[in-house]
Amino acid sequence: MLALISTNKISGKVTEGGDRLDKFRQILSRLTNDQLSLHEAIREVEHQLSRHLSIHAGSNQVFASNWAERLVRTQFSRFYNQAVLESEIAKGKNECYVPPSSQEQATSQCSQTLAGRSHDVSHLLKLLVTSYEDGKWDKSPKIPDHPHCTHVVKPIS
Ligand SMILES: [Zn+2]
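### Side note on the pattern of salt bridges
Phase 1 of the analysis: The final tally for this structure, using the stated rule, is seven salt bridges.
Phase 2 of the analysis: The partner of E133 in a salt bridge is R78, and the shortest N-O contact between them spans 2.6 Å. Taken together, the positions of E133 in helix 6 (residues 121-133) and R78 in helix 4 (residues 67-90) put the pair 55 residues apart, joining distant regions of the chain. Neither residue differs from the other here; E133 and R78 are each classed as buried.
Phase 3 of the analysis: The shortest N-O distance in the salt bridge between K91 and E88 comes to 3.2 Å.

Shown next as structure tokens:
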């Protein structure tokens, strides 16, 4: 997961310009290492990647309310699940399981179409990379499916 955080592309305008992307990678790495709590990581992003220093400072769309929390939650989940999916592919596995999440509304797209079922590992990885790495949003149900998605992929033994 740390290797992915340090090298793989992170799409999104919040991290564009200057050393914003490097700063964000460092914050995500510290969160992954338990050196920061989720709450502390969000505070660090608000501070180190503050809106007024961004080339997109004038955009309320880029800096919608709770932008820092959405960014941290989304990319932390993306990197965790990407690491699991890539590890499964390296082991030659084709299928993974997405357990139901009690912390998520039963009406969400991912609760209804992904949770409680097995899925093709390569398909989920492709959707994740296209949306969160390449920045070409794919509406198909995926993990994570939205900034507060609590669904994760689990290996099938
Ligand atoms: Zn979800």
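### A few points about the pairing of strand 1 (residues 95-98)
Phase 1 of the analysis: The alternating pattern of strand 1 places C96 and V98 on a buried face and E95 and Y97 on a face that is not buried.
Phase 2 of the analysis: Across two bridges, strand 1 lies against strand 3 (residues 154-155) in antiparallel orientation. In the strand pairing of strand 3, Y97 is matched with K154.

### Details of the nonpolar core
Phase 1 of the analysis: Counting residues in hydrophobic clusters, the biggest one holds 20 residues, and the most contacted among them are V14, F24, V45, L49, W67 and V72.
Phase 2 of the analysis: Of all the secondary structure elements, the ones that give two or more residues to this core are helix 1 (2-7), helix 2 (20-32), helix 3 (38-48) and helix 4.
Phase 3 of the analysis: At five residues, the largest contribution of residues to this core is made by helix 4.
Phase 4 of the analysis: Sequence-distant contacts of V72, that is, excluding residues within four places in its chain, are made with F24, L28, L31, L38, A41, I42 and V45.
Phase 5 of the analysis: Counting residues in hydrophobic clusters, the runner-up holds 14 residues, among them L85, V121, I143 and V153.

### Examining the coordination of the zinc ion
Phase 1 of the analysis: Taken together, the protein ligands of the zinc ion are E104 (OE), C110 (SG), C149 (SG) and H151 (ND1), with distances of 2.1 to 2.3 Å.
Phase 2 of the analysis: The site at the zinc ion holds four donor atoms, and with the angles between them running 78 to 130°, its shape is irregular.
Phase 3 of the analysis: Sequence spacing among the residues donating to the zinc ion works out to E-x5-C-x38-C-x1-H.
Phase 4 of the analysis: Among the residues examined, C149 registers a relative accessible area of 8% and is labelled buried.
Phase 5 of the analysis: By relative accessible area, H151 is classed as buried at 1%.

### A closer look at the sheet that holds strand 3
Phase 1 of the analysis: Read across the sheet, three strands follow the order 2-1-3 without closing on themselves; strand pairing throughout is antiparallel. Every other strand in the sheet has two partners, leaving strand 2 (117-120) and strand 3 as the edge strands with one partner each.
Phase 2 of the analysis: Contacting strand 1 and strand 2, helix 6 runs over the sheet at an angle of about 75° to strand 2.

### Side note on the side chain of R25
Phase 1 of the analysis: Here R25 lies in helix 2.
Phase 2 of the analysis: Although R25 is buried, it forms no salt bridge, and the closest oppositely charged side chain is D22 at an N-O distance of 4.5 Å.
Phase 3 of the analysis: Beyond its immediate sequence surroundings of up to four residues, R25 is in contact with L4, I5, S6, T7, N8, K9 and I10.

Rules behind the numbers
Residues numbered from 1 in each chain as written. Predicted model: local features only at pLDDT ≥ 70, side-chain atom pairs only at ≥ 80, totals over all residues. Heavy atoms only, no water. Salt bridge = Lys/Arg side-chain N within 4 Å of Asp/Glu carboxyl O. Helix = DSSP H or I, 4+ residues; strand = E, 2+ residues; numbered from the N terminus. Buried < 20%, exposed > 50% of the residue type's maximum accessible area, 1.4 Å probe, protein only. Pairing = 2+ DSSP bridges. Core = buried A, V, L, I, M, F, W, Y, C linked by side-chain atoms within 4.5 Å. Contact = heavy atoms within 4.5 Å. Donors = N, O, S within 2.8 Å, 3.2 Å for Na, K, Ca; no water. Tetrahedral: all angles 85-135°; square planar, octahedral: opposite > 155°, others 65-115°. Axes fitted to C-alpha atoms, helices over the stretch in contact; angles between N-to-C directions. Lys, Arg positive; Asp, Glu negative; His and termini not counted.

In short, geometric facts, not functional conclusions.
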